[in-house]
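A look at the structure
Each chain is listed here by its residues.
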Amino acid sequence: MSFLLQQMLGDKLKNMTGGGNTDGEESEGGKESAASKGMSREEFEEYQKQLIEEKIARDKEFATKKAERANLRVLMRDKYRIPQSAQDEATVQMAGDDLDIPEELAKMVDEDEEQEELNDSFLGKLQNMDVDFDSIKAKAQSTMTEVKQVAEEKCVMM
């Protein structure tokens, strides 16, 4: 039964999956050659150089993106006071100074810094003022007890 299925579907499956390369498109060892690509030796060497240059460019772009993400994580850890990661710091150092922070993130950081400055300035003003919070608390409690007493005198239900 399996022999019959193999005979009927075998060739079709090989063509769909790309198996059964009997046309000699690749040389021994599975490596490409100039003959397998249908090019002259010089064209094939130029093609190989171009492939290598493209791979180097992709690797460089990947490393830059990876370093930018690591830089972003470092900035977020600084912002939220989370312990630093040595791996992220090493990645950022390897990339050097050519890292860009996304514009949206820069805007968010600037807005957060402005917000923190406003909060700091208000807190700074409160700290610089000589306010006796105990006396304010006592005044508030006495006022509340007075209001409660007046409400009890005027209201029959209380």
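Everything that follows concerns the structure shown earlier in this document.
A quick note: this is a predicted structure, and the numbers were derived from the prediction, not measured.

So, the overall build of the chain
- Helix and strand counts for the chain stand at six helices and zero strands.
- Along its sequence from the N terminus, the chain presents helices and strands in the succession α-α-α-α-α-α.
- Taken across its 158 residues, the chain has 9% of its residues classed as buried.
- In the chain, of all internal contacts separated by at least 6 residues, the share reaching a separation of at least 24 is 31%.
- Carbon together with sulfur atoms contributes 54% to the accessible area of the chain, which is approximately 14300 Å² in total.

Some thoughts on helix 3 (residues 41-80)
- In a regular helix each residue adds 1.5 Å, so 40 residues correspond to 58 Å; helix 3 covers 58 Å between its end C-alpha atoms and thus fits that length.
- Looking at the buried side of helix 3, the elements it contacts are helix 2 (34-37) and helix 4 (86-95).
- Of the residues trailing helix 3, Arg-81 is marked for its positive phi of about 55°.

Side note on the nonpolar core
- Of all hydrophobic cores here, the largest spans five residues; its members are Ala-67, Ala-70, Val-74, Val-92 and Leu-99.
- A per-element tally of this core places helix 3 first, with three residues.
- Apart from residues no more than four positions distant in its own chain, Val-74 is found in contact with Gln-84, Asp-88, Glu-89 and Val-92.

Brief notes about the pattern of salt bridges
- With the rule as written, the count across this model stands at four salt bridges.
- Among the salt bridges present, the one from Arg-41 reaches Glu-45, with a minimum N-O distance of 3.6 Å. Placement of the pair is Arg-41 and Glu-45 together in helix 3, with a separation of four residues, close to one helical turn.
- With a shortest N-O distance of 2.9 Å, Arg-73 and Asp-88 are connected by a salt bridge. Residue Arg-73 is located in helix 3, and its partner Asp-88 is located in helix 4; the two are separated by 15 residues in the primary sequence.
- Ionic contacts of the salt-bridge type, sharing partners, join the residues Arg-73, Arg-77 and Asp-88 into one network.

A look at the environment of Ala-95
- Relative to the elements of secondary structure, Ala-95 occurs in helix 4.
- According to the relative accessible area criterion, Ala-95 is partly exposed, its value standing at 24%.
- Counting along the chain gives 30 residues from Ala-95 to Lys-65, while the straight-line C-alpha distance between them is 9.6 Å.

Observations regarding the environment of Tyr-47
- Positionally, Tyr-47 belongs in helix 3.
- Among all residues touching Tyr-47, those that are not within four sequence positions of it are Glu-32, Lys-37 and Met-39.

Looking at a negative patch on the surface
- Taken together, the side chains of Asp-110, Glu-111, Glu-113, Glu-114, Glu-116 and Glu-117 make up a negatively charged region of the molecular surface.
- On the secondary structure map, Glu-113 appears in helix 5 (residues 103-128).
- By relative accessible area, which is 42% here, Glu-113 ends up partly exposed.

Notes on the packing of aromatic side chains
- On inspection of all chains with the given rule, the structure shows one aromatic pair.
- For the ring pair Phe-44 and Tyr-47, a centre distance of 6.4 Å and an interplane angle of 35° mean the geometry is tilted. Taken together, the residues Phe-44 and Tyr-47, both in helix 3 and three residues apart, mark about one turn of the helix.
- In this structure Phe-44 comes out as buried when scored by relative accessible area, which is 12%.
- Overall, Tyr-47 belongs to the partly exposed group, its relative accessible area being 24%.

Conventions and cut-offs
- Along every chain, residues carry numbers that run from 1 in the direction the sequence is written.
- Given that this is a predicted model, residues contribute local features only at a pLDDT of at least 70 and side-chain atom pairs are listed and counted only at 80 or more, while totals for whole chains, interfaces and linings are drawn from all residues.
- Values shown for side chains rest on all heavy atoms present in the structure; no hydrogens or waters enter the calculation.
- Counting from the N terminus, the helices are DSSP H or I runs at least four residues long and the strands are E runs at least two residues long.
- For each residue, the accessible area found with a 1.4 Å probe, counting protein chains only, is set against the maximum for its type, and the residue is called buried under 20%, exposed over 50%, and partly exposed in between.
- The criterion used for residue contact is that any of the two residues' heavy atoms lie within 4.5 Å.
- Every accessible area reported is derived by Shrake-Rupley at a probe size of 1.4 Å, with residue values counting cover from the shown protein chains alone.
- Helices are assigned an expected span. That span is 1.5 Å times one less than the residue count.
- Joining through side-chain atoms within 4.5 Å is the link that ties buried Ala, Val, Leu, Ile, Met, Phe, Trp, Tyr and Cys residues into a set, and such a set is a nonpolar core.
- One speaks of a salt bridge when a side-chain nitrogen belonging to Lys or Arg is within 4 Å of a carboxyl oxygen belonging to Asp or Glu.
- Exposure above 30% relative accessible area and the absence of a salt bridge qualify a residue for a patch, where like charges join within 9 Å and nonpolar side chains (Val, Leu, Ile, Met, Phe, Trp, Tyr) within 5 Å.
- In this charge count, Lys and Arg are treated as positive and Asp and Glu as negative; neither His nor the chain ends contribute.
- Charged side chains are reduced to one point each, which is NZ for Lys, CZ for Arg, CG for Asp and CD for Glu.
- Stacked, tilted and edge-to-face are the three classes assigned to paired rings of Phe, Tyr and Trp, where Trp is represented by its six-membered ring and a pair needs centres within 6.5 Å; plane angles under 30 degrees give stacked, over 60 edge-to-face, the rest tilted.

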